[in-house]
Each structure stands twice: as structure tokens, then as C-alpha cells.
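Here's the letter readout for the chains.
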Amino acid sequence: MDQSQSQTDSDEDKAMASLLAARRCLTSCLDRSRSLASALSRAGPHLEEIKHRLPSLEASVRPIRAPREALMEVGGHIDRAVGPAAAVLKVFDAVHGLERPLLSGDGPAEDLKGFLDVLTRLEEALKFLSDNSGLAVQWLDDIVEYLADHSLADPRFISQLTDTLSSLKSGSGTNQNLPEPLDGGLLSATLDRLELEFCQLLSAHSNPIPLQPPENSGDTAIAIAPSPLPVPVVRKLSLILDRLAANNRLDKCVSAFVDIRGSNVRKSLEALGIDYLGSPLDAAQMLGPHVQRWGRHLEFAVKHLLESEHRVCTEVFDRRPADSAYCFAEVAAQAGILDFIKFGRTVADAKKDPIKLLRLLEIFDSLNKLRLDFNRLFGSKACADIQNRTRDLIKRVVEGACEIFGELLVQVELQRNVTPPPDGGVPRLVSFITEYCNRLLSDEYRPVLTQVLIIQRSWKQERFHERLLIEAMLNLVKALELNFETWSKGYEDPNLACLFMMNTHWHFFKHLKGTRLGDHLGDTWLREHEQYKDYHVAVFLRETWGKLPGLLSREGLMIFSGGRATARDLVKKRLKSFNEMFNEMYQTQSNWVISDKELRDKMCSLVVQAIVPVYRSYMQNYGPLVEQDASASKYAKFTAQGLEKMLGSLFQNKPKKAASFNVRHSNGKVNHAGTGLYRSTSTVK
């Protein structure tokens, strides 16, 4: 029983222990359930977050949903494509690192060399990007195409990559084929700063400076000239142009250079007074002093201004001769070189006129003196317009000068039948031609005219001998001789014709003796004209004033045979005849002219000597017979002093307008030649 009781107690203990163990297990499970519930409660938001992230995770995982073996096979291809792209991105990052030194601060104005060094690094980086970005994009495009062909990635992912690569391939580049997004406009902005610095440097050192006009130029205005560029400035401008040229950005600087330097040269010329180049001119202005000014101003423009500008262009565009030539041509044109040529062309196109020949020779001489300078300065293709216009001007000048010179003899002969001067003075044609020929034979014009004639003959394949020039001048004088022989026959009064011949022969002798033309005519020819003058002086005196002394005859007055009353009547009669003839002759000859003062004084002296002594003696002897008469004033009208004064006032030149002889053109039109150059003594009408 005891054994059985013990067994029972043992079973109860085991059951209790099992219950306690079960209790502890349930308690532990309950605690874990509570912990799990708490964990589940805390995990809810995380699960919700995971739920929201699953689509993006799915998209990220989607491109590599291919089998492992396929992904392993394509891995090498991807690495080779991504490597160049990574290098391009690295350089791109370096490019953006250059933005601050290139776009901030004073940049090229503060440190041009440092600025250009940074720009060089930018250019090298952009060149790398230009050379490699296309290749990197192509490699990426190839690998994307491979992924698509082998279905190794999600189609949507492939489409996005394809669109991105297409955008890169089609992007416009600021540096050759460089896509614009990669450059960001940095190079363009940097070059803009360089262009601005070029313009500022050039403007700051291109202000006109005072310059004295050439000696003996006749210009009183102070000239100005563009300042030469200092060597450091030239060096900076050259360096800037190098970088701009490397990037095909020269146009703006070239245009600025032309505007700045050209306007300064123009100001320099305008300071001398060149308004006449663009103003409409009448014939007198065109053939007057403007041509001499034109020659001086053209020489100053070429030898001083354009010569300096040519040197500046050469120095600044040192390694770009084509740009240098273009800039100089444009600067010269803007400065007004074409205006000078146009003015010469206007003179060459003016109506034919003997004075025009002198102006044409002056224009040719000016151009010929500058021939070497023109060939050197304007010899490039860029100056073709200037060359062509200059050649055309020279051709017109040569042809025009030769045409006028060749027609001089014809024009003189055409004057043969015109009316001679009504006052008997030297015809305008005679004085003009003699002075004109001497000018053509002077050291100023003869060499130029000879050269012009040589050139014109060479164009015709003909030879020119200088003797032809002298013969042409002598023929003009011979034609003049025939002219005034003909003119002398046109006078109704033979005494006036005699005075005319006296005037003309003396003019030939006096005004040609000791001159170039007179030397060629010879002493014998000159003496003949002097002798002709003396002959006509003698004839004129004999046929005019020489007749007056004979009217004061003493016949019948010596012994007063008829008484005092008879003598008085004879004296009155003879004085009346003398007075009437004297008045008539004086009134007539008061309108006549002896052009030369020396000849006029001599003639008046001869007339006085022929008349006054005879009159004085007559009046001393017989004047008392009539002086006491109530009508004495009718007969004793003159005193000896009064006669001398009146006779001394004869043959004076009369004030008159400047005149010229007529020039008849081949078309029948007539215009005046030599207007305003020489003061006329008479007019051939």
C-alpha cells in the first residue's frame, strides 16, 4: 500500500511538473506572440514603404533579368564602351572647372598671357571632347543595340538609352562636332571677351596725333595722323588674333580694325581740308588750284598716312598676309583713296581746254611720282579695285592730254578768220599761246609732257622723238604769225592795222627773247620781229602824228608882207587846222592800246618829240598874234605842257574782264580756253 501510495505521489509530481512546464511554455509563447504582434505592428509602415519601392526596384533589376551566362558574356563589351565615356566625362568636368578664370575678373585686360594659357587648355580639352565624344557615343550606341538585339535588358530601358544617345549624336556643336550641352557656350563667351579686348586695345592706341603738313605744301592747317601702335600692343593684338583665327572668329576683329584705323586716317585727311574731293566743282575750280592741292594731299595720304597703315596691318596680321592685304585695302578705301582717284577722273572727263592739259600733266606727274608707292602698297589682289581705277585714270589722263596737245594747232588755225581786237592791242590768243608754249617747255611740264607722249606713242607701237615736241611748238608760233597777218587785213583804218602789227611784233620779240621757246626760234627770228616793230613804229608816226607839225607852217609869216592882220588870220587858220586834226586824232587813238608799257612809253615819247617842240616854238613866235584877240581861246587851246600831258596819256590799257580765245571742238561746239589763267591784253572776238 505504501508502495502504491508512493507511486501515486510520484505520478502526481510528474503531472504537476508537466503542467508547470506547459504553463511556462504557454507563457513563453504568449510573450513571443506579443513580441511578434508588436514587431508586426512596427513592420507595417516598412512593408508599405517596400511596397511603394518595389516598382522602382523592379525597374532597376529589370535590365539584368537576363541569364547569368549572357550577362557575363556582355560584361566585357560594356566595360570597353563605358571607359571612353568616363574619360569624356572627366574632361568635361575639367572644362567646367575653367569657367571661373575665363569668365570672371578683368580677364584678358589684366593678364592676357595667363588668359590665353587657360584658353589654350580649354581648346585642348574641347578638342579632346570633339575628337572622342562622338566615338564614345558610338560605342555606347553599339552596346545598347547589342542589348536590344539579344533581349538582355528591358525594352523600356533600351528605349530611354536610345533616345539619350540620339540626342547626343544630333546636338549642334560650338567647336566642330562638339555637342552644345557639353560646351555650354564657354568657348564662345571667352572668344567674345577676346574680341572686346582687341577692339579696346586698338581704340585706345589709335587716336589721331598732330602732325605738321609737308614743307612748301601751301597748307596752313595742322595735319593729324593716326598714332603708330606700340610694339607691346602689336604683340597683344597679334596673340589675340592667333587665338581667334584658330577658332574661325576673325570677322568681327577685322571689321573693327578697318573701322577704327580707316576713320582715323580719314580724320587726318579731313584736317587738311579735302572737302573739294566730294563737292561739285565748276570748270574754273576744277582747272584751278584744286588740282595742285589734290597732288599735295594725295602724296601726303600715300607717303605718310597709308604707308603707316600698311606697316600697322603687316605687323598686326603678321602671320596672315591675306587678312593684312584685305584690311589695308579696306582702310585705304574708307580713308578716301578712291575719292582722290574719282577727283582725277572728274578732271580727265571735263571739257577739252588748253588749261586742262596743264592740269592733266600735273595729275600724271603726281601719280607717276607715287607709282612705286602705289605698286607696293596696292599690289595685292585685295586692292584690285584701286589698281583698276588708277590704271583707268592714267589711261584717261594720257589720252586726254595727247588729244588736247594734238589739237592745239588746229584750234589756233580756227581763230584765223575771227575779228581782230578793235583797240589794236595784242590778241588774247597771241599772249596766251606764247606763255602757254613756254610753260609746256618749262622744267615743270616738259619732262612730263614728253613722257606722256612717249607712253601714248608706245600704245600705238610708234616711236617718239623729242624733236617732235619742239616742232609742234614752232608750228604753233608759225600759225600765229599767219593769223595776225590775216587779222591786220581786217582793219578798215590802216593806221590801226599798223599799230596792231607793231604791238604783235614787239610782243613776240620781248616776251619770247630769253625764253625756252625763243631759244628754239632763234635770234634771227626774234630780230626780224624787232625790225618789223621798228618799221611799223616809223610808218605809224609818219601817217598819224607826223602830219601835225606840217600844219604849223611859218610860210607867209616871216616878213609880214601882208601886214599884221593878215599874219593873224594865217596863224588862226593854221592853229584851227592843227586843233581839229589833233582832237580828231586824239579822240580816235584814245581808244587804241599799246599793250607793252615800254613800247607805249617809247611811242608817246616819239609823238611828244614830233609835236610838242614844234608847237612850243610856233606858239612862242606867233601865239601873241592871237592871244590878245577876243576869240583867242578858239585857237590857242593848248599849252605845250598840256599837249605833252595829253600825248603821254595815250594808248593806255583799259580795264576789262579776263578773256580767252575760242576753242572749237570736233562736234562744232565752241568754248573758251585759258580762262582765268593769264590776264588778257585784248580779246580776239
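Parameters at a glance
Residues numbered from 1 in each chain as written. Predicted model: local features only at pLDDT ≥ 70, side-chain atom pairs only at ≥ 80, totals over all residues. Heavy atoms only, no water. Helix = DSSP H or I, 4+ residues; strand = E, 2+ residues; numbered from the N terminus. Buried < 20%, exposed > 50% of the residue type's maximum accessible area, 1.4 Å probe, protein only. Contact = heavy atoms within 4.5 Å. Areas by Shrake-Rupley, 256 points an atom, 1.4 Å probe, with all protein chains shown as cover. Patch = residues over 30% accessible without salt bridge, like charges linked within 9 Å, V, L, I, M, F, W, Y side chains within 5 Å. Salt bridge = Lys/Arg side-chain N within 4 Å of Asp/Glu carboxyl O. Axes fitted to C-alpha atoms, helices over the stretch in contact; angles between N-to-C directions. Left-handed = near helix turned anticlockwise from the far one by under 90°. Nonpolar A, V, L, I, M, F, W, Y, C, P; charged D, E, K, R; others polar. Core = buried A, V, L, I, M, F, W, Y, C linked by side-chain atoms within 4.5 Å. Parallel < 35°, antiparallel > 145°, perpendicular 65-115°, else oblique. Phe/Tyr/Trp six-rings, centres within 6.5 Å; stacked < 30°, edge-to-face > 60°. Disulfide = S-S within 2.5 Å. Polar contact = N/O pair within 3.5 Å; in protein donor to acceptor, adjacent residues only side chain to side chain. Expected span 1.5 Å × (residues − 1). Bend = angle between axes of the 7 residues up to and from the residue. pLDDT = per-residue confidence, 0-100.

Engineer: Could you clarify how one ought to interpret the overall build of the protein in this entry?
Structural biologist: The number of helices and strands found in the protein is 27 helices and four strands. Expressed as a percentage of the 685 residues in the protein, the buried residues total 43%. Considering only residue pairs separated by 6 or more positions, the protein has 79% of its internal contacts joining residues 24 or more positions apart. Approximately 36,500 Å² of the protein is accessible, and the part contributed by carbon and sulfur atoms is 53%.

Engineer: Would you mind showing me how to read a nonpolar patch on the surface here?
Structural biologist: Together, M16, L19 and L20 give the surface a local cluster of nonpolar side chains, amounting to about 290 Å² of exposed area. With respect to the helices and strands, M16 occurs in helix α1 (residues 2-61).

Engineer: How should the packing of helix α9 (residues 251-270) against helix α12 (residues 321-335) be read in this particular structure?
Structural biologist: When two helices pack together, their arrangement is given by the angle between the helix axes and the distance between those axes. Put simply, α9 and α12 touch, their axes get as near as 8 Å, and they point 35° apart. At the point where α9 passes α12, the crossing takes the right-handed sense. Contacts between α9 and α12 involve V254, F257, V258, D259, R261, G262, S263, V265, R266 and L269 on the former and, on the latter, Y326, C327, E330, V331, Q334 and A335. Its residues placed into classes, the contact of α9 with α12 shows nine nonpolar, three polar and four charged.

Engineer: How should the nonpolar core be read in this particular structure?
Structural biologist: The nonpolar side chains of soluble globular proteins are, as a tendency, buried together. Core analysis: the largest hydrophobic core is formed by 159 residues, its most contacted members being F257, V316, I337, F378, L440, M473 and W545. In terms of residue count, the dominant contributor to this core is helix α25 (residues 597-627) (13 residues). When residues no more than four places from it in sequence are discounted, the contact partners of M473 are F405, C437, L440, L441, L449 and L517.

Engineer: What's the story with the side chain of Q456 in this structure? I'm lost.
Structural biologist: One can find Q456 in helix α18 (residues 446-459). Beyond its immediate stretch of four places on either side in the chain, Q456 contacts V398 and C402.

Engineer: Got a minute to help me understand the pattern of salt bridges in this structure?
Structural biologist: Oppositely charged side chains can pair when the atoms bearing their charge come close. If you walk through the whole model with that rule in mind, you get 32 salt bridges. We note a salt bridge from D596 to K510, for which the minimum N-O separation is 2.8 Å. Of this pair, D596 sits in the loop between α24 (564-589) and α25 while K510 is found in helix α20 (residues 494-512), placing the two residues 86 residues apart along the sequence. Under the relative-accessibility criterion, D596 is labelled buried at 11%. Classification of K510 by relative accessible area gives partly exposed; the value is 32%. Between D601 and K597 there is a salt bridge, with the nearest N and O atoms lying 2.8 Å from each other. Linking D601 with K597, this pair stays in helix α25, spanning four residues, or about one helical turn. Given the relative accessible area of 38%, D601 is considered partly exposed. Its relative accessible area of 53% is what places K597 among the exposed residues. Through salt bridges with shared partners, one network takes in D192, E195, R249 and K252.

Engineer: Just checking my understanding: could you explain the environment of G288 for this structure?
Structural biologist: In this structure, G288 sits in the loop between α10 (283-286) and α11 (290-316). Overall, G288 belongs to the buried group, its relative accessible area being 13%. Taking the C-alpha atoms as reference, G288 lies 9.3 Å from K356; in sequence the two are 68 residues apart.

Engineer: It is not clear to me how the packing of α18 against helix α19 (residues 466-488) should be interpreted in this structure. Could you clarify?
Structural biologist: Closest axis-to-axis distance for the α18/α19 pair is 10 Å, and the angle between their directions is 115°. Classified by the angle between their axes, α18 and α19 sit roughly perpendicular to one another. Of the two elements, α18 crosses α19, and the hand of that crossing is right-handed. On α19, the residues that touch R446, L449, T450, L453 and R457 of α18 are E466, L468, L469, I470 and M473. For the contact of α18 with α19, the per-class residue count stands at six nonpolar, one polar and three charged.

Engineer: Before we go on, may I ask you to explain unusual backbone geometry in this structure?
Structural biologist: Negative phi is the rule for most residues except glycine; trans is the rule for most peptide bonds. One non-glycine residue, N248, adopts positive backbone phi at about 55°. Its place among the elements puts N248 in the loop between α8 (231-246) and α9.

Engineer: What am I meant to see in the packing of aromatic side chains here?
Structural biologist: Aromatic ring pairs are reported here in terms of the distance separating the ring centres and the angle at which the planes meet. Applying the stated criterion to the full structure yields 19 aromatic pairs. Ring centres of F257 and F317 lie 5.2 Å apart, and the angle between their planes is 85°; this geometry places the pair in the edge-to-face category. Remark: F317 occurs in the loop between α11 and α12 and F257 occurs in helix α9; sequence separation between them is 60 residues. For F317, a relative accessible area of 1% corresponds to the buried category. When the centroid spacing of 5.6 Å and the interplanar angle of 25° are considered together, the rings of F328 and F378 count as stacked. Here F328, found in helix α12, pairs with F378, found in the loop between α15 (371-377) and α16 (384-414); they are 50 residues apart in sequence, far enough to count as distant. Feature note: the residues W545, F578, F582, Y586, Y615 and F638 constitute an aromatic cluster, connected by ring pairs.

Engineer: Looking at this structure, I do not really get the state of the cysteines. What am I missing?
Structural biologist: By definition, a disulfide links the sulfur atoms of two cysteine residues through a covalent bond. Tallied over the entire structure, the rule returns zero disulfides. Just so you know, C199 is unpaired, no disulfide at all, and the nearest cysteine sulfur is the one on C253, 5.4 Å from it. Assessed through its relative accessible area of 18%, C199 is described here as buried.

Engineer: Explain the environment of N438 to me, please; I cannot follow it from the model alone.
Structural biologist: The residue N438 is located in helix α17 (residues 428-440) in this model. Owing to a relative accessible area of 16%, N438 belongs among the buried residues under this scheme. It is 8.4 Å that separates the C-alpha atoms of N438 and L512, two residues lying 74 residues apart in sequence. In terms of polar contacts, N438 uses its side chain to reach the backbone amide nitrogen of R516, at 3.5 Å.

Engineer: Teacher, can you tell me more about α25 here?
Structural biologist: Because each turn of an α-helix spans 3.6 residues, side chains separated by three or four positions end up pointing in the same direction. Taking 1.5 Å of rise per residue, the 31 residues of α25 would be expected to cover 45 Å, yet its terminal C-alpha atoms sit only 37 Å apart, more than 12% below that figure. By the largest-angle criterion, N621 marks the main kink of α25, which is about 55°, and a proline, P624, follows within four residues. Where α25 starts, the residue carrying a side-chain oxygen 3.1 Å from the main-chain nitrogen of E598 turns out to be D596.

Engineer: I would appreciate a short explanation of the confidence of the model for the protein in the present structure.
Structural biologist: It should be kept in mind that the predicted coordinates are not to be read in detail where pLDDT is low. On average, residues of the protein score 79 in pLDDT, and 71% of them are at 70 or above. Confidence drops under a pLDDT of 50 for residues 172-179, and excluding neighbours within four residues, the segment shows 22 contacts in the predicted structure. Residue range residues 657-685 is modelled with pLDDT below 50. Its contacts to residues more than four positions away, or to other chains, number 80 contacts.

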